[in-house]
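Structural overview
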Amino acid sequence: MSLPLTCNKDRWLEAYNMFLENSDRQQRVGEWIEREFESKVVNILSDRHSDDIGVKQPLCVLGIGSAEGNQDILQLKQLKSEFSQISATVVEPSRQMILQYQDTVHQKSRDFTGIEFEWYNQTYQDFIQLHGIKQKYHLISMVHSIYCVGDTDLEEALRELQDLLEPGGVILMVVLTDHTGVGKLVNTFPNLATKEQNSATNEPSTTKSNRLVNSTDVKSILDKHKIAYTQSEYTEFTDITACFLEENTITGNILLDGLTQTLDFKTSVSTDVYDKVMDFIKDNMSVRKDQHDSDKLCFDSVCDILMISK
């Protein structure tokens, strides 16, 4: 029996950190923010709200699944150059990650002058249940966090996000595509993990697929409801060499859990399924040189960056 990786929060966090250590995701998203965030988000917000925001009232920003804050901070840095007052609401379910974010803000407090933070160590669903949609935001940032809307219907989640936006606001959403890398893998094998564990009995209970939301899912709903958006894309590379080295099983196994979104993937699936997944990865990986000119095996994922307007 296989369980979704999300059933074990500690293992999920371990897999997430291992993925970041072996991926250039942070770098690629950061490069896009440095290169395009000003023209595609900051200038738009400034043009639409220059008479009110930052002068009469703060620019209201909501970060959903902000993790340790690396991408939020890059965005806030550029917004701060245009808006003198910013109210930043951070929603992050991992206590470890939100503490890292808070520590960065504390240590570099001068960099955040004019920014007031509100911290919510909870899931997006709990945040909405507690606060509803009374507060409106000019910018909602979701960098690879739309996957965590949980059992909420995606269409309903996107409607909620639109309701949270001020008129003229923007949702910045970074999301995997379904035709490359991790997005293609988990959607090719959506039933690797199909049971959610009962927290009281530790027995399998509700059926739950490990399939991830992808950009095609999001864009089809936006198109259906004629919601305006623009898009960019980038490609991220994950070094998966450890997945094929017998002597590095710990790193490889944790990476495989993250790639497949399956808890203890290597030992919980059948040999037949394991072989099919590994063959798929081999067929879709590339070979690149590292800094020592040695070959490394990479899993390449194209990601869409959607700027959704209201």
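These remarks concern the structure in this document. (Residues numbered from 1 in each chain as written. Predicted model: local features only at pLDDT ≥ 70, side-chain atom pairs only at ≥ 80, totals over all residues. Heavy atoms only, no water.)

It is worth spelling out the environment of Cys243 at this point. Locating Cys243 in the fold gives a position in the loop between β9 (229-239) and α9 (249-260). In this structure, the C-alpha to C-alpha distance between Cys243 and Leu255, residues 12 residues apart in sequence, is 7.0 Å. Setting aside residues no more than four positions away along its own chain, Cys243 makes contact with Gly252, Leu255, Leu256 and Met278. (Helix = DSSP H or I, 4+ residues; strand = E, 2+ residues; numbered from the N terminus. Contact = heavy atoms within 4.5 Å.)

So, on to the pairing of strand β5 (residues 137-143). The element β5 is extensively covered by neighbouring structure, given that 7 of its 7 residues are classed as buried. Of the strand pairs in this sheet, strand β2 (residues 59-64) and β5 are connected by 3 bridges, and their pairing is parallel. The partner of Val61 across the bridge, within β5, is Leu139. With 6 bridges joining them, β5 and strand β6 (residues 165-176) adopt parallel strand pairing. (Buried < 20%, exposed > 50% of the residue type's maximum accessible area, 1.4 Å probe, protein only. Pairing = 2+ DSSP bridges.)

Now for the nonpolar core. Judged by nonpolar contacts, the single largest core of 89 residues is most densely connected at Leu79, Ile140, Leu161 and Met173. For Ile140, the residues in contact, after removing those within four places along its chain, are Leu62, Ile64, Leu161, Leu164, Leu165, Val170, Ile171 and Leu172. Residues Tyr16, Phe19, Leu20 and Met97 belong to the second largest nonpolar core, which totals 6 residues. (Core = buried A, V, L, I, M, F, W, Y, C linked by side-chain atoms within 4.5 Å.)

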